[in-house]
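# Chains, contacts and geometry: an overview
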Amino acid sequence: MSDTVVFIPAWNEEENLPAVLEDLGHELPDADVLVVDDGSTDGTADAARRHGADVLSLGANRGLPIGIASGYRWALEHGYAYCGRVDADGQHPASELARLLARVREGACDVAVGSRFVSGEGYEPYRYVPSPTRRLGTALLRRGMKIALRRPFADATSGLYAVNAAALPLLAEPFRTEAPEVEALLRLADAGLRVDEVAVRMEARAGGDSKLRGRKAVKVTVTVIGTLVAARLLWTRRSD
Ligand SMILES: Nc1nc2c(ncn2[C@@H]2O[C@H](COP(=O)(O)OP(=O)(O)O)[C@@H](O)[C@H]2O)c(=O)[nH]1
Ligand SMILES: [Mg+2]
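Residues numbered from 1 in each chain as written. Chains lettered and ligands numbered in written order. Predicted model: local features only at pLDDT ≥ 70, side-chain atom pairs only at ≥ 80, totals over all residues.

Another aspect to go through is the overall build of the protein chain. Along the backbone of the protein chain there are eight helices and seven strands. Relative to the globule expectation of 18 Å for 240 residues, the C-alpha radius of gyration of the protein chain, 17 Å, shows essentially globular dimensions. Along the first, second and third principal axes, the C-alpha atoms of the protein chain reach 55 × 40 × 40 Å. If you take every contact in the protein chain between residues at least 6 apart in sequence, the share linking residues at least 24 apart comes to 75%. (Helix = DSSP H or I, 4+ residues; strand = E, 2+ residues; numbered from the N terminus. Rg over C-alpha atoms; globule rule 2.2 N^0.38 Å. Contact = placed C-beta atoms within 7 Å.)

Set out below in structure tokens:
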């Protein structure tokens, strides 16, 4: 068994998953890989097994807030020292996850989050241009995060993560909102863990449509802002 597991939340991603698993196999050959198959009705689980990944099947589709926590819970319960997360749609290059994991391993931080929107380390600013609707959501979110976390955080919905064992219990509890990544950042900040936002390259989704579209995207933005406002109220009350 490896000391590192990389998990992939996946819902009907048979088309994209094989390339993601091959990429991980090349860049992180020693890591164990888990696909959290969330009630897929296509060949997602088969594709995962064919590529030697473990499969955690949640049965019916329970949604990303539970899918993500389940991945971290698996890492916690199996005693892994490090855990990575990439999406199943090909947006997250395994080489970038490898950089994040190296950073956590060397003890620079407890959690490294891959960011489309920060620059440095040879990564240009504005290299990733979101759609106009997403741009608005991102701008609002950035303001909210700055207030809630008391530090700037540019890419709070990134799903590209590397974490150490200290972070696992915090991330293994099911998330209550439709914005699990934002909730994760709040939990980590609250616990005083060190979270680095690291510039990375991200790709466009390889195939199929984003699961976060239309009404759902609006709902997510609203709950995210709600979560941040609630967090801020809690903090203010606590420091009174
Ligand atoms: N476990 C689980 N994974 C999901 C669900 N919805 C989306 N995903 C996965 O979460 C990742 C991000 O979803 P995606 O549609 O690409 O969202 P976007 O990148 O924000 O547009 C992908 O790996 C999806 O397969 C879900 O209901 N359950
Ligand atoms: Mg995606």
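Looking now at unusual backbone geometry. At Asn-12, a position not held by glycine, the phi torsion is positive, near 55°. Structurally, Asn-12 can be placed in the loop between strand S1 (4–10) and helix H1 (17–27). The phi dihedral of Glu-121 falls on the positive side, at around 50°, and the residue is not glycine. Checked against the element boundaries, Glu-121 lands in the loop between strand S5 (111–115) and helix H5 (132–149). For Glu-121, a count of 9 C-beta atoms within 10 Å corresponds to the exposed category. (Buried ≥ 20, exposed ≤ 12 C-beta atoms within 10 Å, placed from the backbone.)

Next up on the list: the sheet that holds strand S6 (residues 161–164). In spatial order, the strands read S3-S2-S1-S4-S6-S5-S7; together these seven strands make up an open sheet with mixed pairing. Two strands lie at the open edges of the sheet, namely strand S3 (54–57) and strand S7 (195–199), each paired on one side alone. Strand-to-strand twist of the sheet, defined as the mean angle between neighbouring strand axes without regard to direction, takes the value 20°. Of the strand pairs in this sheet, S1 and strand S4 (residues 82–85) are connected by four bridges, and their pairing is parallel. Paired with Phe-7 across the bridge in S4 is Arg-85. (Pairing = 2+ DSSP bridges. Axes fitted to C-alpha atoms, helices over the stretch in contact; angles between N-to-C directions.)

This part takes up the pairing of S1. Of all the seven residues making up S1, seven are buried; the element is thus mostly covered by neighbouring parts of the structure. Across the two faces of S1 the burial is the same, with Thr-4, Val-6, Ile-8 and Ala-10 and Val-5, Phe-7 and Pro-9 all buried. Where S1 and strand S2 (residues 32–37) come together, six bridges link them in parallel fashion. Bridge pairing in S2 places Val-5 opposite Asp-32.

Mapping Ala-53 onto the fold places it in the loop between helix H2 (44–50) and S3. Using a count of 24 C-beta atoms within 10 Å as the deciding quantity, one classes Ala-53 as buried. For the pair formed by Ala-53 and Leu-21, sequence separation is 32 residues and the distance between their alpha carbons is 8.0 Å. If near-sequence neighbours (up to four positions away) are discounted, Ala-53 is found in contact with Leu-21, Val-33, Leu-34, Val-35 and Ala-48.

If you look at the biggest cluster of nonpolar residues, it comprises 66 residues, and the most contacted ones within it are Val-6, Phe-7, Cys-83, Leu-97, Ala-162 and Val-163. If you tally residues by element for this core, the top one is helix H3 (residues 64–77), at six residues. Residues within four places of Ala-162 in sequence aside, it is in contact with Tyr-82, Gly-84, Leu-97, Leu-100, Leu-101, Arg-103, Val-104 and Ala-112. (Core = buried A, V, L, I, M, F, W, Y, C linked by C-beta atoms within 7 Å.)

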